[in-house]
Every structure is written in C-alpha cells, then in structure tokens.
Amino acid sequence: MNFLENIFHHLGESAQRPVLQEMRAEGVVRATGGDLLTEIQAARSFLRQAGFRKGDRCALLAANSIRWAALDLAILAEGGIAVPLYARQAPGELAAMMEDASPRLICCGDGALRDGVVQSWPDAPPCHDLEEIFSKPLPDAAAVGPPLPLADGDPVAIIYTSGTSGEPKGVVLTAGNLNHILACTTARLNLLMGERTAPERVLHYAPFCFAASWILLLSCLSRRSLLSLSTNLSNIASELRQAAPDYMLNVPVMLERMRARIEEQVAQRGGAVRWLFRAARRDWQRGGSGVWLGLARAVLFPAIRRAIGPNLQALICGSAPLRPETQEFFWMLGLPVLQVYGLTETTAICTMDTPGRIRPGWVGTAIEGTEMKLGPGEEILVRGPHLFAGYWNRPEATREAMRDGWFHTGDQGEVSADGYWRITGRIKNLIVLASGHNVAPEPLEEKLLHAIAGAQQVMLVGNGRSFLGALITGAVEEQSVRTALEALNATLPHYKRVHAFLRIGEPFTIESGLLTANGKLKRDAIARRYRDELEAMYRKQNA
C-alpha cells in the first residue's frame, strides 16, 4: 500500500475510535476514523462536482481543523495536488503564490478569507469556504470509491518555501517522497513509544501548511494515535494538561518560553522549592549526579512534568537549532527533547534524534536511506528518496539547488565521526565585511537576544561595511544594549564585534512583510525597510 491507501485503511479500522480532535473554548470537537472518512467523501464529491480532475491543483487556505485534514486527504484521493497556504501571510504574498500555482479551485477557511482572496486577486479561480464544501449532501461511500491510484512520481503537494531571501518557491513533493518519509517517522516513533495497547496522544499547534506539520498529521493518521489540534496558542498551557499528550512537535521559541515560564514559577515559589531547584541544577551542570539532583528527581521534577503535561514522554523540536542549554534544561527535568533537521525540499526531514541517544546541540543522525555530506563552505548536501521533484515553474532554480544528484541545502553544518550533525548557520546569511572576514550572524544574534532584557528580535548587518551593527526590536533600554554588547565583544575576535545598534520599538512581523510564514527574519526586506536609518547609524559611528 502507498501512504494514502495506508491512511484510508487505518481510518477504516479506527471507525469507532477518535483520531482527531479540536481543542476549543466551548469544548472539544472530536472525529472518529469513520467520521473523518465521511467528511473526506463529502469533500471528494464536492471536488468532482466542481470539475476537479487528476493532476489539478487546489489551494487550501485555512487554519488547522478536522475539515482541513479531510479536504487535504480528499484532494490527494482524487489524484490532485494540494497547495496549502498560511492564512496570516500578507494578502499580496498569498495572491502571488496562488497565481504561481494556478489552482483550479481555492478553498478558504471562512467567508472572510474567501472575500480577501477575491479582493487581492480579482482574476482568481472559483473560491469556496469550508462551510459550503462540507454542507453538501453526503454521497454514498460506493459512489466515491477508494483513493485513485498514485505512482511514486505523482505530485501530491506544492508547499511554498518561506522565502527568507527572495520570492517564495513552490516545492513539489511526490507520493514517493511521502511513502519514504512516513515509513521513517513511523519507525522512529515506534522507538519512542514502544509496545502499547492504548492509542498514543499527540498535541499540535503549528499550521499544517508547513511541511513538518503536514508530515506529523499524516504520521498520526497512519498510526494508532489521537491528534489534538490547538486552536488558540494563548491556551496552550491548559490544552497541554487537557490533551495530556505523549509527545508534541515544537519550534525552539516555544520551548524557550516554556523554560522561562518554569523558571519564573519556581522563582515565585521561593523558599525550599527554589533552593532545591538551583542546587539540583548545579549538580546537573557538574556532571549529572549529586544528592540534590537525586532529591529533585524524586520530589520536585515529577511535579513540574505533571504541570506541563501529565503523560509527556518527549518533546520533538524542529524548524531551527535549539539552544543546547535549553535542551539540557528539559533533559534535567526528565523530558528528552528530540531534534529534527530538514527542509521543505527534503520532505521536512533529513536527520532525527534517536530516543535514548540524544546529544544536546546536535540534531541527530541521517534518517534511513539518506546520504549527507559537507560541500564547499561547509554547506550541507543531501540526496535520497525524500528529495523533492523540483520547484514549480522554476527549472533554473531547480538546477541550481540540485547538482550532480545532491541537494544544496544552503545550511552550514558539521558532522561528528559517528555521524551526528550540527547546524551552524545559513550560507546566504553570511555577512562579508569590507575586510574580507566572513561572519555567520545567527550565533551572535542568539547570544544578544538572550542577553538584552526585553529584546524580541536581533538582526546583524554589515555586508561591505567595516564593522557589524545590530537592529534590535522590543522595549529595550539603551544601557542594557550597551552592557550586553560590551560583555559579548570582550569574548570575540575584532571582526566579530558589534560596534553600533538601532533600537526599533515595533517587532518584525509576518503582516509587515519582515518575517517569513514560519517566523524567520527576511533579512533583505528588513535591510531595505531601514536603509536610511542604517546609513545614518554607520555615518554617526564613522564620524
């Protein structure tokens, strides 16, 4: 069976068991395997009535929901190509991506989104909202039938990259890519969960239009799982306790916030709790043993874990490197953080941590069937059955990215003798100073972000300049910035020192066009937006 046939088979076997649920303020909305199949049938019937055919593209612009999953599977079952999009992106960016994909249909989460699409793209193809799609009379199961056959080379999705340095490109993923990756995720999750009779419980909050989130959705629907969908990030703490997941997929910023909240709550408790926590952490930092660490593991850390999520066995993290000290922090508490590295072009995954063999600061070893090596400039090169078919309508960009069978990731890294990988930066983000020195900005930005009180984002600049400067967003005090810079500069060689900065009150956002859909800095756009201020900053410093 291919990945889609396997999902349909599993949903049929889970006809009476909940497989998806939405965590809503008014209550939990659940769907059994049978319910989801019924919704898929309704969506397939709608697509057929709309003239949708094998190979057609359908844009899916909506928040995570049971119906999102049903429509996505319906598109694939009809032999179509899903084009999932992020509703929070700027309307102009969304219109440009949809024009590029040329979908036969656009399906929106609600009427407001549908109206926004039409306003931004007057020549858009037919737009429908989910209520319209799923309110049609349900067809007979026999009238719809099983999924249409899929060959390994058949495209199943076009997922647009975040476009940190240029226009987003549509990454074409195939049925063969999904067959391989889902086999890999299932194998690793089996190692994590072991033998069990009850369904595993998973909580998820990141949009399904991101490749890693989509792979998690399909993985859960391929397994004996109950996937809970967070519908409001501000409620994530209470949803964690209510959904009681065994594991969840995270981005680094969420784990950083979780760590900060735990430390704040311990500090507020004060007294013996705060003292024991600090003593245990000292023991941990000195080698992972000691009487206070042992006591905390017996009486304090289990209570902290229960407060986060009573059943949590692991936290999975991807999208960007996680600070080693944060990974160590959760490990100390008894919550391993499994890192995953990959790109949309690699069907979201290249490496995964193996449970029980985690190395903080590293992102694990290459998954089954994947080859990785370092190219010029320590760029990570990848090849394997999970590599994308190409960029939609961009043959030159495809040839540039795929050379001699190897995908050039644009990421810098290093690899240990036993095959563990570490991500150190982005090739295209390198700052080349007028002196000829190359500086990878990410490590310095990360240090400043955590050293400056109130800082929300830090971006270094300096291409072609004589020294580095920094843009800092958030409510930060000038003296706080100066103190942090002095402390950092004292540890750096001369060419890596930051000698000037701009304070910017408003954060960079997706809506302003200065962040990508998954929260990464659009460095070129930010530099253009603040060009005059940067010129003034360098003139003043050089005066």
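Since the model is a prediction, treat every value here as computed from it, not as a measurement.

Here's the deal with the nonpolar core
- Formed by 86 residues in total, the largest nonpolar core has its most connected members in Phe 3, Leu 36 and Trp 214.
- Per-element tally for this core: the top contributor is helix 3 (residues 66-77), with ten residues.
- Excluding anything up to four places from it in sequence, Leu 36 contacts Leu 11, Val 19, Leu 20, Ile 66, Ala 70, Leu 73 and Leu 221.
- Counting residues in hydrophobic clusters, the runner-up holds 34 residues, among them Met 23, Tyr 205, Ala 243 and Leu 312.

A word on the sheet that holds strand 26 (residues 498-504)
- One open sheet accounts for three strands, arranged 24-25-26; its pairing is mixed. Looking along the sheet, the strands with just one partner apiece sit at the ends: strand 24 (455-461) and strand 26. Here the strands of the sheet are splayed against their neighbours by 25° on average, with no regard to which way each runs.
- Of the strand pairs in this sheet, strand 24 and strand 25 (residues 468-474) are connected by six bridges, and their pairing is antiparallel. Each residue of the ladder has a partner; that of Val 458, found in strand 25, is Ile 472.
- The sheet contacts of helix 18 (residues 478-489) involve strand 25 and strand 26, and relative to strand 26 the element is tilted by about 150°.

What to know about a positive patch on the surface
- Together, Arg 274, Arg 278, Arg 282 and Arg 286 give the surface a local cluster of positive charge.
- Structurally, the position occupied by Arg 282 is in helix 12 (residues 271-285).
- Under the relative-accessibility criterion, Arg 282 is labelled partly exposed at 38%.

Quick look at the packing of aromatic side chains
- A complete count under the given rule lists eleven aromatic pairs for this structure.
- Here Phe 467 and Tyr 538 contribute two aromatic rings whose centre-to-centre distance is 4.9 Å and whose plane-to-plane angle is 35°, an arrangement assigned as tilted. Taken as a pair, Phe 467 in the loop between strand 24 and strand 25 and Tyr 538 in helix 20 (residues 531-542) lie far apart in primary sequence, 71 residues in all. Like Tyr 538, Phe 467 is buried.
- In textbook terms, an aromatic cluster arises when at least three aromatic residues are bridged by ring pairs, as seen for Phe 277, Phe 301, Phe 329 and Phe 330.
- For Lys 373, the ring lying beneath its charged end belongs to Trp 406, and the centroid distance is 4.4 Å.
- Lying across the ring of Tyr 538, Arg 465 places its NZ or CZ 4.2 Å from the centre.

Considering unusual backbone geometry
- Positive phi, normally seen in glycine, also occurs at Ala 348, with a value near 85°.
- Counting through the fold element by element, Ala 348 comes out in the loop between strand 13 (337-341) and strand 14 (351-352).
- Phi is positive for Glu 378, close to 60°, though the residue is something other than glycine.
- Mapped onto the fold, Glu 378 is located in the loop between strand 16 (371-374) and strand 17 (379-383).
- Overall, Glu 378 belongs to the partly exposed group, its relative accessible area being 46%.

Details of the environment of Gly 464
- Here Gly 464 shows up in the loop between strand 24 and strand 25.
- A relative accessible area of 56% places Gly 464 in the exposed class.
- In this structure the C-alpha to C-alpha distance between Gly 464 and Ala 434, which are 30 residues apart in sequence, comes to 4.5 Å.
- Ignoring anything within four residues of it in the chain, the contact list for Gly 464 reads Val 432, Leu 433 and Ala 434.

Some details on the sheet that holds strand 9 (residues 200-204)
- One open sheet accounts for nine strands, arranged 2-1-10-9-11-12-13-14-15; its pairing is mixed. This sheet does not close on itself; its edge strands, each paired only once, are strand 2 (27-32) and strand 15 (365-366).
- Summarising the sheet, strand 11 (residues 247-250) and strand 12 (residues 314-317) pair through four bridges and their orientation is parallel. Among the inter-strand pairings, Leu 249 is bridged to a residue of strand 12, identified as Ile 316.
- Here helix 2 (residues 33-49) sits on the sheet in contact with strand 1 (18-24) and strand 2, set at roughly 80° to strand 2.

Regarding the layout of surface pockets
- Considering only enclosed or pocket space, the second largest pocket measures out at about 400 Å³ in volume.
- Surrounding the second largest pocket, 20 residues form its lining, Val 461, Gly 462, Asn 463, Arg 523 and Ala 527 being those nearest its centre.
- Only strand 24, helix 19 (523-529) and helix 20 provide two or more residues apiece to the lining of the second largest pocket.
- With four residues, helix 20 is the single largest residue contributor to the lining of the second largest pocket.
- Considering only residue class, the lining of the second largest pocket consists of nine nonpolar, five polar and six charged.

Conventions we followed
- Residues numbered from 1 in each chain as written.
- Predicted model: local features only at pLDDT ≥ 70, side-chain atom pairs only at ≥ 80, totals over all residues.
- Heavy atoms only, no water.
- Core = buried A, V, L, I, M, F, W, Y, C linked by side-chain atoms within 4.5 Å.
- Buried < 20%, exposed > 50% of the residue type's maximum accessible area, 1.4 Å probe, protein only.
- Helix = DSSP H or I, 4+ residues; strand = E, 2+ residues; numbered from the N terminus.
- Contact = heavy atoms within 4.5 Å.
- Pairing = 2+ DSSP bridges.
- Axes fitted to C-alpha atoms, helices over the stretch in contact; angles between N-to-C directions.
- Patch = residues over 30% accessible without salt bridge, like charges linked within 9 Å, V, L, I, M, F, W, Y side chains within 5 Å.
- Areas by Shrake-Rupley, 256 points an atom, 1.4 Å probe, with all protein chains shown as cover.
- Salt bridge = Lys/Arg side-chain N within 4 Å of Asp/Glu carboxyl O.
- Lys, Arg positive; Asp, Glu negative; His and termini not counted.
- Charge placed at Lys NZ, Arg CZ, Asp CG, Glu CD.
- Phe/Tyr/Trp six-rings, centres within 6.5 Å; stacked < 30°, edge-to-face > 60°.
- Lys NZ or Arg CZ within 6 Å of the ring centre and 35° of its normal.
- 1 Å grid on protein atoms, 1.4 Å probe; cavity = no way out; pocket = protein on both sides within 12 Å on 5 of 7 lines; lining within 4 Å.
- Points joined across faces, edges and corners; volume = space filled by probe spheres on them.
- Nonpolar A, V, L, I, M, F, W, Y, C, P; charged D, E, K, R; others polar.

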